Amino acid sequence: MPKPKHVDQLRFEEAFEQLATLVAQLESGEQPLEESLALFERGQALAAHCSRLLEQAELKLRQLVPDESGDYAESDLELEAD
Amino acid sequence: MTLPAAEGILRAVSVLSLFGLQSGVWSPSQLNRHVRQVIESDYRLGDLWLAGEVANLSHPASGHLYFSVRDPEAAVRCVMWRPDVGRLARLPRDGEAVEAHGHLSVYEAGGQYQLYADQIRYAGEGDLYQEYLRLKGALEADGLFDPVRKRALPKWPRRIGVVSSPTGAALRDVVNVLGRRYPLAELILSPAQVQGEAAPAAIVEALRAINQYGRPDVILLVRGGGSMEDLWAFNTEAVVRAVVASAAPVVTGIGHETDVNLADFAADRQAPTPSAAAEVATPERADLAGELIQSRQRLARAWMQRRATLLSEVAEQRAALELVSPQARIANARQRSDELARRVVAAIHHGLALRQAALRGVIQTLGAVGPETVLARGYAVVRRLADGEVVRSIGQLTAGDSLGVRVSDGSFGARVEGN
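These figures come from a predicted structure and were not determined experimentally. (Residues numbered from 1 in each chain as written. Chains lettered and ligands numbered in written order. Predicted model: local features only at pLDDT ≥ 70, side-chain atom pairs only at ≥ 80, totals over all residues.)

Overview of the overall build of chain B
On a plain count of helices and strands, chain B comes out with 12 helices and 13 strands. A total of 419 residues make up chain B; the buried ones form 24% of that total. Counting only contacts in chain B whose residues sit at least 6 apart along the sequence, the fraction spanning at least 24 positions is 61%. (Helix = DSSP H or I, 4+ residues; strand = E, 2+ residues; numbered from the N terminus. Buried ≥ 20, exposed ≤ 12 C-beta atoms within 10 Å, placed from the backbone. Contact = placed C-beta atoms within 7 Å.)

Laid out in structure tokens, this is it:
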């Protein structure tokens, strides 16, 4: 098995799905003690990471802008406040 | 007076009666009621279509709709009661060409005659609708609306493309919903004019551009409500085919709840409004947070259980280990050797006893056949003293030899004297 990525580097959905898998694994209860503890600790880190991402997330707004050559470039989108 | 008297009288009566009704003194109530009855008695005014342009539209909190229908020279006041308003696909707008259906009557309190409208149709609607049905049938026959074509939406959209007007309320609604619901995503607007003659081509190009340059996981094609003409771009073949051709799945949210456009049929998922499209395309942050809490609880519970199980397993193992440990074996062996030793001792004792008994038998036998018994019967054992030889024959003896004689109760010396 490849060494799992550090939790902080995971995208929300990766961390969230890993957490779900890991909870199911731990619930199946087939690992030796040391591995169970490792699963538990990683699970806690994943959950904390997910919560942090959810709380801190801010919708990024971008837009496509045509350039002279007929291609498009991406730039930030600013919406005027109401 | 040249008229015959009778004729004159009749005429006078007629004039008088007319004056009695029409040139007398009326109260406003009487007059308005009368005018209302006159108007209502004309069946042609009881069921009519009034065509013209909407003006002075007002839709107060009561839910009733007040407006005028006018042409360049004149206007007729109209009112539509709330239940009828509720049946409208949408509200008319000032300046819009409409045909209003209803009956004419008088609002007695104001002395205002008006059309009590129960139905409004928008000019050109009939034609547009026919075209809509024709195109729908053709595209359906082409398989563009086939449910098997529809793709699943990604569970976790990272990049959400939005094809819409950059200035419309639809974009703002989508931004609000995504910001509240799933701010982990990134919104990429591919701006397009969504109304007017240029709209279909603009929407087609915006869809192409977002697919080619925006790397979207899902695309929201959205526009706020409007008349059927306003939404017409979403009922054109070009836009329908662009939706079908989109590499990323498309969610439409066009107009109000009641509007169904051909682009909706072609979309992978149809939502009734722009906000609903944003909701359909994303998970809800509050749900995710709730799931996270649950995951945490399950994790903790699973770990506690696992730990408890492992601890009890350890306890069992320890017990099992003690059963098979060298100490136990030593204790066993010790016990066993003790027992063996006991058995050996017992066996030895037993053997000894047997042997003692045997010995006693032998001794008795020996006693029966032994010299003592013989001696006791009067025999004697004679030995030469010189060499201890038992004398069995006279040839062994010479005169003068010293002899030892043993009898039953002792020995005595003797000497050979001669034969």
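After that view, the rundown keeps rolling.
What to know about the sheet that holds strand 5 (residues 112–122) of chain B
Residue and element names in this part refer to chain B. What the five strands build is a closed barrel, ordered 1-2-3-5-4; its pairing is mixed. Direction aside, the axes of adjacent strands within the sheet are offset by 55° on average. In this structure, strand 3 (residues 75–80) lies alongside strand 5, joined through three bridges in parallel fashion. Bridging across to strand 5, M80 finds its partner in A117. (Pairing = 2+ DSSP bridges. Axes fitted to C-alpha atoms, helices over the stretch in contact; angles between N-to-C directions.)

Re the confidence of the model for chain B
When the pLDDT values of chain B are averaged, the result is 85; 89% of them are 70 or greater. Among the scores for the predicted complex, ipTM is 0.84 and pTM is 0.56. (pLDDT = per-residue confidence, 0-100.)

Structural notes on the packing of helix 2 (residues 33–56) of chain A against helix 10 (residues 285–324) of chain B
Contact geometry of helix 2 of chain A with helix 10 of chain B gives a least axis separation of 10 Å together with a crossing angle of 165°. Classified by the interaxial angle, the pair formed by helix 2 of chain A and helix 10 of chain B is roughly antiparallel. The chirality of how helix 2 of chain A crosses helix 10 of chain B is left-handed. Listed contacts from helix 10 of chain B to L33, S36, F40, G43, Q44, A47, C50, S51 and L54 of chain A of helix 2 of chain A are R285, L288, A289, L292, S295, R296, L299, W303, R306 and L310 of chain B. Considered class by class, the residues forming the contact of helix 2 of chain A with helix 10 of chain B number 11 nonpolar, five polar and three charged. (Parallel < 35°, antiparallel > 145°, perpendicular 65-115°, else oblique. Left-handed = near helix turned anticlockwise from the far one by under 90°. Nonpolar A, V, L, I, M, F, W, Y, C, P; charged D, E, K, R; others polar.)

Points about the sheet that holds strand 6 (residues 159–164) of chain B
Taken in spatial order, the seven strands line up as 2(A)-1(A)-7(B)-6(B)-8(B)-9(B)-10(B) in an open sheet, and their pairing is mixed. Where the open sheet ends on each side, the last strands, each with one partner, are strand 2 (72–76) of chain A together with strand 10 (269–271) of chain B. For this sheet, the mean angle separating the axes of adjacent strands, direction not counted, is 25°. In this structure, strand 1 (residues 60–66) of chain A lies alongside strand 2 of chain A, joined through five bridges in antiparallel fashion.

Some words on unusual backbone geometry
Residue and element names in this part refer to chain B. Although it is not a glycine, N56 sits at a positive phi angle of roughly 50°. Its location among the elements puts N56 in strand 1 (residues 48–58). When the 13 C-beta atoms within 10 Å are taken as the criterion, N56 is described as partly exposed. Within the chain, R215 stands out as a residue other than glycine whose phi angle is a positive 45°. Of note, R215 is situated in the loop between helix 6 (199–213) and strand 8 (218–223). With 15 C-beta atoms counted inside 10 Å, the residue R215 sits in the partly exposed group.

A few points about the pairing of strand 13 (residues 410–415) of chain B
All names here are of chain B. The buried count for strand 13 comes to zero of six residues, which makes it a mostly uncovered element. Sheet topology note: the strand 12 (residues 402–407)/strand 13 ladder contains six bridges and is antiparallel. Residue pairing for strand 13: S402 is matched across the bridge by R415.

Notes on the packing of helix 6 of chain B against helix 7 (residues 237–245) of chain B
Residues and elements named next belong to chain B. At a minimum axis separation of 8 Å, helix 6 and helix 7 run at an interaxial angle of 10°. Classed by the angle they form, the pair helix 6 and helix 7 counts as roughly parallel. Taking contact as the criterion, the partners of P200, A201, I203, V204 and L207 in helix 6 are, on helix 7, A238, V239, A242 and V243. The class makeup of the residues in the contact of helix 6 with helix 7 is nine nonpolar, no polar and no charged.

As for the interface of chain A and chain B
How big an interface is tends to be reported as the loss of accessible area on association of its parts. On the chain B side, the residues contacting the 30 residues of chain A number 32 residues. When contributions to the side of chain A that touches chain B are tallied by element, the ones reaching two or more residues are helix 1 (12–28), helix 2, strand 1 and strand 2 of chain A. Among the residues forming the side of chain A that touches chain B, the class breakdown is 18 nonpolar, six polar and six charged. Bridge count between strand 1 of chain A and strand 7 (residues 186–191) of chain B: four bridges; the pairing is parallel. Within strand 7 of chain B, the residue paired with L61 of chain A across the bridge is L187 of chain B.

Describing the environment of S36 of chain A
Assignment of secondary structure puts S36 of chain A in helix 2. Judged by local crowding, S36 of chain A falls into the buried class, with 21 C-beta atoms found within 10 Å. Residues within four places of S36 of chain A in sequence aside, it is in contact with L26 and Q31 of chain A together with W303, R306 and L310 of chain B.

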